[in-house]
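One-letter residues, chain by chain:
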Amino acid sequence: MLPAIFGLSGPVLTADERAFFRDADPAGYILFGRNVESRAQLRALTDDLRALHGRERTFICIDQEGGRVARMKPPVWQPYPPGERFDRLWDRAPASAIEAMRANAQALGLDLAEAGISVDCLPLLDVREPGAHDVIGDRALGAEPLRVAALGRAALDGLARAGVMGVVKHMPGHGRAMADSHKELPTVTASAEELERDLQPFRTLKDAAIGMTGHIRFTEWDAENPATQSRFVIEEIIRKSIGFAGLLLTDDLDMQALGGTVPERAARAQAAGCDIALNCWAKMDDMVGIANLLTPMSDATAARLERALAPTTAFDAPADMARQAALADKRDALLALA
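Residues numbered from 1 in each chain as written. Predicted model: local features only at pLDDT ≥ 70, side-chain atom pairs only at ≥ 80, totals over all residues. Heavy atoms only, no water.

Visitor: If you had to explain the overall build of the protein to someone new, which residues and values would you point to?
Guide: Along its length, the protein carries 11 helices and 13 strands. Computed over the C-alpha atoms, the radius of gyration of the protein is 19 Å, within 12% of the 20 Å expected from 2.2 N^0.38 for a compact globule of 338 residues. In terms of its C-alpha atoms, the protein occupies a principal-axis envelope of roughly 55 × 50 × 30 Å. Expressed as a percentage of the 338 residues in the protein, the buried residues total 58%. A fraction of 78% describes how many contacts in the protein between residues 6 or more apart in sequence connect residues 24 or more apart. (Helix = DSSP H or I, 4+ residues; strand = E, 2+ residues; numbered from the N terminus. Rg over C-alpha atoms; globule rule 2.2 N^0.38 Å. Buried < 20%, exposed > 50% of the residue type's maximum accessible area, 1.4 Å probe, protein only. Contact = heavy atoms within 4.5 Å.)

Visitor: Outline the sheet that holds strand β10 (residues 210–213), listing residues and values.
Guide: Strand order across the open sheet formed by three strands is β8-β10-β12, with parallel pairing between neighbours. Both edges of this open sheet fall to β8 (168–171) and β12 (247–249), since each of them pairs with a single strand only. Between one strand axis and the next, the sheet turns through 30 degrees on average, direction left out of account. For β10 and β12, the ladder comprises three bridges, and the chain directions are parallel. In the sheet register, Met212 faces β12, and the bridge partner there is Leu249. (Pairing = 2+ DSSP bridges. Axes fitted to C-alpha atoms, helices over the stretch in contact; angles between N-to-C directions.)

Visitor: So what's going on with the pattern of salt bridges? Which residues, and what values?
Guide: In a structure, side chains of opposite charge can pair up when their charged atoms sit close to one another. For the coordinates displayed, the defined rule picks out 25 salt bridges. Where Arg147 meets Asp87, a salt bridge forms, and the shortest distance between an N and an O atom there is 2.7 Å. Taken as a pair, Arg147 in helix α5 (residues 145–161) and Asp87 in helix α3 (residues 83–92) lie far apart in primary sequence, 60 residues in all. Judged by relative accessible area, which is 8%, Asp87 ranks as buried. The partner of Asp275 in a salt bridge is Arg239, with the nearest N and O atoms 2.9 Å apart. On the criterion of sequence distance, the pair formed by Asp275 in the loop between α8 (262–272) and β13 (277–279) and Arg239 in helix α7 (residues 231–242) is long-range, its members being 36 residues apart. Residues Asp275 and Arg239 agree in their burial class; the two are buried. One salt-bridge network, held together by shared partners, links Asp63, Glu65, Arg71, Arg139 and Lys169. (Salt bridge = Lys/Arg side-chain N within 4 Å of Asp/Glu carboxyl O.)

Visitor: So, unusual backbone geometry: which residues are in play, and what are the values?
Guide: Across the junction of Pro74 and Pro75, the peptide omega takes the value 5 degrees, indicating a cis bond. Tracing the chain through its elements places Pro75 in the loop between β5 (69–70) and α3. Here the residue pair Lys169 and His170 is connected by a cis peptide bond, since its omega of 0 degrees sits within 30 degrees of zero. For His170, the position within the fold is in strand β8. Phi is positive for Asp25, which is not a glycine, with a value near 55 degrees. Summarising the element assignment, Asp25 is placed in the loop between α1 (15–24) and β2 (26–31). The backbone phi angle of Ala282 is positive, close to 60 degrees, even though this residue is not glycine. On the secondary structure map, Ala282 appears in the loop between β13 and α9 (284–293).

Visitor: Quick rundown of the sheet that holds strand β7 (residues 165–166)? Include the residues and the values.
Guide: Across the sheet, six strands lie side by side as β7-β6-β3-β2-β1-β13; this open sheet has parallel pairing. Of all the strands in the sheet, the pair left with one neighbour each is β7 and β13. Examined bridge by bridge, strand β1 (residues 2–7) and β13 share three bridges and lie parallel to one another. Among the inter-strand pairings, Ala4 is bridged to a residue of β13, identified as Ala277.

Visitor: Describe the packing of helix α4 (residues 94–115) against α5, with residues and values.
Guide: Closest axis-to-axis distance for the α4/α5 pair is 7 Å, and the angle between their directions is 35 degrees. At the point where α4 passes α5, the crossing takes the right-handed sense. Side by side, α4 and α5 meet where Ala97, Ile98, Met101, Arg102, Ala105, Gln106, Leu108 and Gly109 of the first sit next to Ala150, Leu151, Ala154, Ala155, Asp157, Gly158, Leu159 and Arg161 of the second. Classifying every residue of the contact of α4 with α5 gives 10 nonpolar, three polar and three charged. (Left-handed = near helix turned anticlockwise from the far one by under 90°. Nonpolar A, V, L, I, M, F, W, Y, C, P; charged D, E, K, R; others polar.)

Visitor: Got a sec to walk through the state of the cysteines? Specific residues and values, please.
Guide: In this structure the tally under the stated criterion is zero disulfides. Cysteine Cys61 remains unbridged, with the sulfur of Cys121 as its closest cysteine sulfur at 4.4 Å. Unpaired in terms of disulfides, Cys280 finds its nearest cysteine sulfur in Cys61, a separation of 7.4 Å. Judged by its relative accessible area of 2%, Cys280 falls in the buried class. (Disulfide = S-S within 2.5 Å.)

Visitor: Explain the environment of Met255 to me, using residue names and the numbers behind them.
Guide: Topologically, Met255 is positioned in the loop between β12 and α8. According to the relative accessible area criterion, Met255 is buried, its value standing at 3%. Between the C-alpha atom of Met255 and that of Gln229, which follows or precedes it by 26 residues, the distance is 13 Å. Apart from the residues lying within four places of it in its own chain, the contact partners of Met255 are Ser181, His182, His215 and Arg265.

What follows is the structure, encoded as structure tokens:
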């Protein structure tokens with residue numbers, strides 16, 4: 001299996017994509033708005049992906065956070081609130097905020113499970129920093145590490161109740177970034193002592209099955225390389241200091257924070273210690289280049305991937321759809337308190 005996750009160009013697999021994916025055997029796939037039209041179409045697409053290699057448990061992920069980051073949109077799917085709504089409720093009633101987040105994540109996860117999606121790139125554990133770039137902004141779960149961790153754990157729990165795995169992101173923390181890593185490389189000059197605050201939510205949830213790096217340079221740890229391509233950050237900070245032992249994905253390698261060709265970016269991330277290279281934009285030349293440059297999946301990565309997918313479960317349409325409506329009502333009643 002190739003240690004890469006690839007995007008698709010449209011709502012169905014093209015002949016070229018089908019042939020390439022069968023040959024390359026990537027670890028998984030990521031879906032975007034361009035891949036999503038209707039409930040029936042989306043389920044047919046994910047069924048097609050599973051059939052490529054006959055794996056019922058296939059890593060098929062999406063960025064379905066709620067708020068401004070949602071690939072599955074109304075009117076076909078219901079809207080979900082951004083992280084900031086739960087942060088505001090915490091100010092009034094912390095236990096209610098946790099319960100609202102858990103209900104919200106389970107309801108959201110049931111949408112994904114119905115569609116055959118096994119992994120959601122949620123929750124963000126980035127601690128919001130006043131004055132930082134708003135690329136995180138209202139997506140954040142708060143400005144206090146323990147609050148972020150508690151709401152993040154509730155999101156993971158809710159997704160798991162729907163049979164979907166979450167991804168903690170963006171390790172080791174995107175909250176201080178003064179630039180958007182989609183467009184340029186942010187540089188954080190905070191001290192090791194200051195950065196402890198950013199690490200706390202990840203450390204609290206270190207047992208999460210899947211994590212994602214951030215394309216940010218931390219001068220305290222590595223003045224040359226962004227976290228995604230820094231052996232020091234991955235080995236000493238993410239693996240040792242945080243204690244994260246799960247499957248580590250890169251953030252999207254097409255983002256302009258990184259230099260070099262996309263295949264070169266993937267190879268550098270793998271050399272630094274990332275388990276899986278994430279390439280979102282379905283450009284065939286880039287995907288072929290990645291397949292040619294990456295070394296085969298290690299036994300350690302394969303074991304982490306298997307552990308991450310093991311809890312994912314099938315969707316039970318009548319029971320789960322009735323449960324989803326009750327969960328959304330519960331969330332809305334709790335959020336109304338704030």
